[in-house]
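One-letter residues, chain by chain:
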Amino acid sequence: MSRELERVVRRWRELPADRALAASGAVREVVQDLADATAGAPVPELGPAVLIDQLRVLVWDAASAGVPELADRLADLRRALP
């Protein structure tokens, strides 16, 4: 899971700002799904610059909570990034 997370983070940081903005919906969806599975609370929309940090925090929370298929979900997200 941590390796796949780092691959998503690395790919996100390589994206130009316009492409990151265009792809932020897919990342935001995963972030909110993970928040729903762990805290059950909405995640504030703070923009694409902060979005990947929100993902990192929520992935670790989800891993601690035992959310299934987390690595697969991250791999799917990475493949969906432009």
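Right above here is the structure, for reference.
Fair warning: this is a prediction, and the values are worked out from it, not measured in the lab.

Caption draft 1: Looking closely at the environment of Glu4. Following the sequence through the fold, Glu4 ends up in helix H1 (residues 2-14). Owing to a relative accessible area of 12%, Glu4 belongs among the buried residues under this scheme. Distance in space between the C-alpha atoms of Glu4 and Ala62 is 14 Å, their sequence separation being 58 residues. Among residues more than four places away in sequence, those in contact with Glu4 are Ala71, Leu74, Ala75 and Arg78. Side-chain polar atoms of Glu4 contact the side chain of Arg78, separated by 2.5 Å.

Caption draft 2: Representation of the side chain of Gln54. Residue placement: Gln54 occurs in helix H3 (residues 48-65). Those residues within four positions of Gln54 in sequence are excluded, and the remaining contacts are Val31, Val43, Pro44 and Leu46.

Caption draft 3: Region of interest: the packing of H1 against H3. Between H1 and H3, the shortest axis-to-axis distance is 11 Å and the interhelical angle comes to 180°. By the angle class used here, H1 and H3 are roughly antiparallel. Residues Ser2, Leu5, Glu6, Val8, Val9, Trp12 and Arg13 of H1 form the contact with H3, whose participating residues are Pro48, Leu51, Ile52, Asp53, Leu55, Arg56, Val59 and Trp60. Across the contact of H1 with H3, the residue classes break down as 10 nonpolar, one polar and four charged.

Caption draft 4: Main features of the packing of H3 against helix H4 (residues 70-80). Where H3 contacts H4, the axes come no closer than 11 Å and their chain directions differ by 155°. The angle between H3 and H4 falls in the class roughly antiparallel. Across the interface between the two elements, Leu55, Val59, Ala62 and Ala63 of H3 pack against Leu70, Leu74 and Leu77 of H4. Here the residues of the contact of H3 with H4 are counted per class, giving seven nonpolar, no polar and no charged.

Thresholds, definitions, all that
Residues numbered from 1 in each chain as written. Predicted model: local features only at pLDDT ≥ 70, side-chain atom pairs only at ≥ 80, totals over all residues. Heavy atoms only, no water. Helix = DSSP H or I, 4+ residues; strand = E, 2+ residues; numbered from the N terminus. Buried < 20%, exposed > 50% of the residue type's maximum accessible area, 1.4 Å probe, protein only. Contact = heavy atoms within 4.5 Å. Polar contact = N/O pair within 3.5 Å; in protein donor to acceptor, adjacent residues only side chain to side chain. Axes fitted to C-alpha atoms, helices over the stretch in contact; angles between N-to-C directions. Parallel < 35°, antiparallel > 145°, perpendicular 65-115°, else oblique. Nonpolar A, V, L, I, M, F, W, Y, C, P; charged D, E, K, R; others polar.

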